[in-house]
Structures are given as structure tokens and as C-alpha cells.
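Chain residues, written in single-letter form:
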Amino acid sequence: MAAGIQWSLLSICLLLFTPGVFSATFTITNQCSYPVWPGLLSGAGTPQLPTTGFALNSGASATIPIPTSWSGRVWGRTLCSTDPTTGKFTCLTADCGSGTIECNGAGAVPPATLAEFTLNGANGLDFYDVSLVDGFNLPMLVVPQGGTGGGNCTATGCVADLNGSCPVALQVIGAAYGSECVACRSACVTFGDPMYCCTGAYATPNTCRPTSYSQFFKNACPRAYSYAYDDGSSTFTCASANYIITFCPTPAASQKSSGVQQPSPAAAIPEATNISSSSPAATNIFSSSSSRCTTTPFLFITTFIATLSVIWRSRHLN
């Protein structure tokens, strides 16, 4: 019996300290000159995250633990406010329609710049991309850190602010911001034509080809998805990495910073160390651990003592 207990406890310890059991982390940083409200959506059948939306002041960061084999999307909402009468929370771009800061399982309303992930997928690789298929609302960069094994671990995103150069037909004009374009729609969202949406007779890679509108996005952001079948130059892989997601990697200012509700002190994310390849630290408001496949010394010591205690008792009681 004692041997059986020892073997079971050993198996538990090996499970606890085996790489791959614990999550990756996403460090989301706002380098825009205005506040951004990140939204997060888990794919069907994948574990839920500890948050689905929160406020991020200019210059602030937040680190979120991500479950193993998670898939889903991350985006940034802008020009958000709470109606003083109804208490309903809405955003002018990339709103999720939940009426609250948390998106609660709802996705972004186009146009929205999207970071898309499938972690620990085929051959144990992470697959990730930044997509402009649903349009563009703010610059975004995704950088893997600490990746090992297979994959190219390439940074990807759209670092240019396309709102200023968006074709007139695709522009979203914010009524409260004069003639300023606050987001840039895709041709599919704008016209609904199967030729632009890759649907109907255009639902295959051979029939759905780049258009002048998708080429606008591709020329500005060569590594980002510009239309549905833009896989070859837009999907990247890495293994066992953490990811830094940065809004406005090149700081951008616009009328978005004026007349917009700032996050309240209670909702604001604390300031954090600037994120760089040599300094991945950031404020972690959702978990006590910010590294992938690691456990805290306290957990290790506690588990070790508990294991010894049970083994000692099993020996002396039999």
C-alpha cells in the first residue's frame, strides 16, 4: 500500500512540474496616446480566460495567463464611454456589444484589428496572426518571447495607422470628431459582395483573389491578413512562447485622445515596466505567475513537504 501511495504521489509531482501543463502569458501593452479597452474572445471548446475585457490607460500594461491549447482573439476598443443615464458601456470602434467593459463571450464589431491565436496546435506549435480581414481600427504588434523548438517565432502585425490613408469608401467617420476617420472597414464589410467576402462562387483560394481594397491593407502591412485566403504570408508559428501584444507600437496621437472617457481609477490598470525584448515584465493583475511552464517556489516546497508527510505516515501506520 505504501509503495502504491508513493507511486501516486510521484506521478502527481511529475504532472505538476512537467512543462506544458501550465499556461502561456499574454502581456498587453498600450503605447497609444489615448486609452484602449482590450477585448478577448475564447474560441468554441477552449478554456475561458480570467477576463474578457478591461481598461488600459496610455502607457500601461497587463499580463494575463492563457490556458494550454487556448484559441481565440484579442483586439482593442477605442473611443469608449459609459452612458450616464443608462450605465451602458459602448465603444465607437471594435465594440463587442455587451454593454459592459467585459465582453462576456461577444466578439468585436467590425472594423477591428484582430490578433488571432491557436496555442499548442498541430505538432505542438502555436499559430498566430494579425488580421485586417474585418478591417482596421488601431495599430497592433504581436511579438513571441522565449519560444523554443519549431516555428519561426516571427513578430507580426500592422504598425502603421491606416485611418489617415483609408480609401474614402471604407472610412468610418466619428460624428463627434469632425471629419476624422476613426476606423477603416474592409471591402467585404462595406459592400457585402461575395467577391470581397470570399463566399458563394468565390469561396475557394482559386476563385477569391486579392482586390485593390485588400491590396491597400497588404501594401501597408505585408505580414497581416488582408483577405480570407491570405494564409501564405500572414500565419506564423512558434512553440512554448509567451506573447507581447502592443497597441500603437509606434505611438500615435489623434482626436481619439480628446473628449473621450478616461478609465476610472478603479478600472484602470496600474502602470508597468515598458515592454521590450530585454524586459518582459509587466503588471500582472490576473495571476501570481507570469512565466510559461513554471511554478512558484512556494508551491514546490508545499507539495514536497506534503509528499514526505504522507509517505512517512503510510510507512508508520502499516
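Please read these numbers as outputs of a predicted model, since none were measured by experiment. (Residues numbered from 1 in each chain as written. Predicted model: local features only at pLDDT ≥ 70, side-chain atom pairs only at ≥ 80, totals over all residues. Heavy atoms only, no water.)

**Student:** So, the overall build of the protein chain: which residues are in play, and what are the values?
**Tutor:** Counting its regular elements, the protein chain contains five helices and 13 strands. Scored against the burial criterion, the 318 residues of the protein chain give a buried share of 44%. When the accessible surface of the protein chain is split by element, carbon and sulfur atoms take 59% of a total near 14600 Å². (Helix = DSSP H or I, 4+ residues; strand = E, 2+ residues; numbered from the N terminus. Buried < 20%, exposed > 50% of the residue type's maximum accessible area, 1.4 Å probe, protein only. Areas by Shrake-Rupley, 256 points an atom, 1.4 Å probe, with all protein chains shown as cover.)

**Student:** Break down the side chain of R77 for me, citing the residues and quoting the values.
**Tutor:** Counting through the fold element by element, R77 comes out in strand β4 (residues 71-82). Summary of buried charges: R77 has no salt-bridge partner, and the nearest side chain of opposite charge, D95, is 5.0 Å away. (Lys, Arg positive; Asp, Glu negative; His and termini not counted. Salt bridge = Lys/Arg side-chain N within 4 Å of Asp/Glu carboxyl O.)

**Student:** Help me get a handle on the sheet that holds strand β8 (residues 140-145), residues and values and all.
**Tutor:** The strand order across the open sheet built from five strands is β3-β1-β13-β8-β9, with neighbouring strands paired in mixed fashion. Two strands bound the open sheet, and with one partner strand each, they are β3 (61-66) and β9 (156-158). Neighbouring strand axes in the sheet, compared pairwise and without regard to direction, differ in orientation by 15° on average. (Pairing = 2+ DSSP bridges. Axes fitted to C-alpha atoms, helices over the stretch in contact; angles between N-to-C directions.)

**Student:** Outline unusual backbone geometry, listing residues and values.
**Tutor:** Cis geometry marks the peptide bond from P110 to P111; its omega dihedral reads 0°. With respect to the helices, strands and loops of the structure, P111 is situated in the loop between β5 (89-93) and β6 (114-118). With a phi angle near 55°, L79 is a residue other than glycine that sits in the positive phi range. Owing to a relative accessible area of 9%, L79 belongs among the buried residues under this scheme. For S240, which is not glycine, the phi dihedral falls at a positive 55°. For S240, the position within the fold is in the loop between β12 (236-238) and β13 (242-247). Residue class for S240 comes out partly exposed when judged on its relative accessible area of 37%.

**Student:** Break down the pairing of β6 for me, citing the residues and quoting the values.
**Tutor:** Extensive coverage of β6 is indicated by the burial of four of its five residues. Inspection of the sheet shows β4 paired to β6 by five bridges, in the antiparallel sense. Residue pairing in the sheet places R73 in a bridge with E116 of β6. Pairing geometry for β6 and strand β7 (residues 126-131), over five bridges, is antiparallel.

**Student:** How would you summarise the confidence of the model for the protein chain if you had to cite specific residues and measurements?
**Tutor:** The predicted coordinates ought not to be read in detail in places where the model reports low pLDDT. With 70% of its residues at a pLDDT of at least 70, the protein chain reaches an overall mean of 79. A low-confidence stretch, residues 255-283 stays under pLDDT 50, and its non-local contacts, those more than four residues away or across chains, total 71 contacts. Contacts from residues 285-318, a stretch scored under 50 in pLDDT, to residues over four places away or in other chains number 47 contacts. (pLDDT = per-residue confidence, 0-100. Contact = heavy atoms within 4.5 Å.)

**Student:** Talk me through the layout of surface pockets; I want residue IDs and the actual numbers.
**Tutor:** In this structure, the second largest pocket occupies an estimated 170 Å³ of space. The wall of the second largest pocket is formed by 19 residues, among which S186, C188, Y196, S226 and Y227 lie closest to the centre. Here the lining of the second largest pocket is built from residues that sort into 13 nonpolar, four polar and two charged. (1 Å grid on protein atoms, 1.4 Å probe; cavity = no way out; pocket = protein on both sides within 12 Å on 5 of 7 lines; lining within 4 Å. Points joined across faces, edges and corners; volume = space filled by probe spheres on them. Nonpolar A, V, L, I, M, F, W, Y, C, P; charged D, E, K, R; others polar.)

**Student:** Would you mind going over the nonpolar core in detail, with residue names and values included?
**Tutor:** Within the largest apolar cluster, 31 residues are counted, with the highest numbers of intra-cluster contacts made by F26, I28, F117 and Y243. The residues contacting F117, other than those within four sequence positions of it, are F26, W70, S71, G72, V74, F127, Y128, V142, Y243 and I245. Core analysis: the next-biggest nonpolar cluster, separate from the first, contains twelve residues, L132, C158, F216 and A224 among them. (Core = buried A, V, L, I, M, F, W, Y, C linked by side-chain atoms within 4.5 Å.)

**Student:** Which residues make up the pattern of salt bridges, and what values do they have?
**Tutor:** Summed over the entire model, instances satisfying the criterion amount to three salt bridges. With a shortest N-O distance of 3.8 Å, R73 and D134 are connected by a salt bridge. Within this pair, whereas R73 is found in strand β4, its partner D134 is found in the loop between β7 and β8, the two being separated by 61 residues in sequence. One salt bridge in this structure joins D230 and K218, with 2.9 Å as the shortest N-O distance. A residue pair is termed long-range when its members are at least 10 positions apart, and D230 in the loop between α4 (212-220) and β12 and K218 in helix α4 qualify at twelve residues. Like K218, D230 is buried. One connected set of salt bridges, linked through shared partners, spans R73, E116 and D134.

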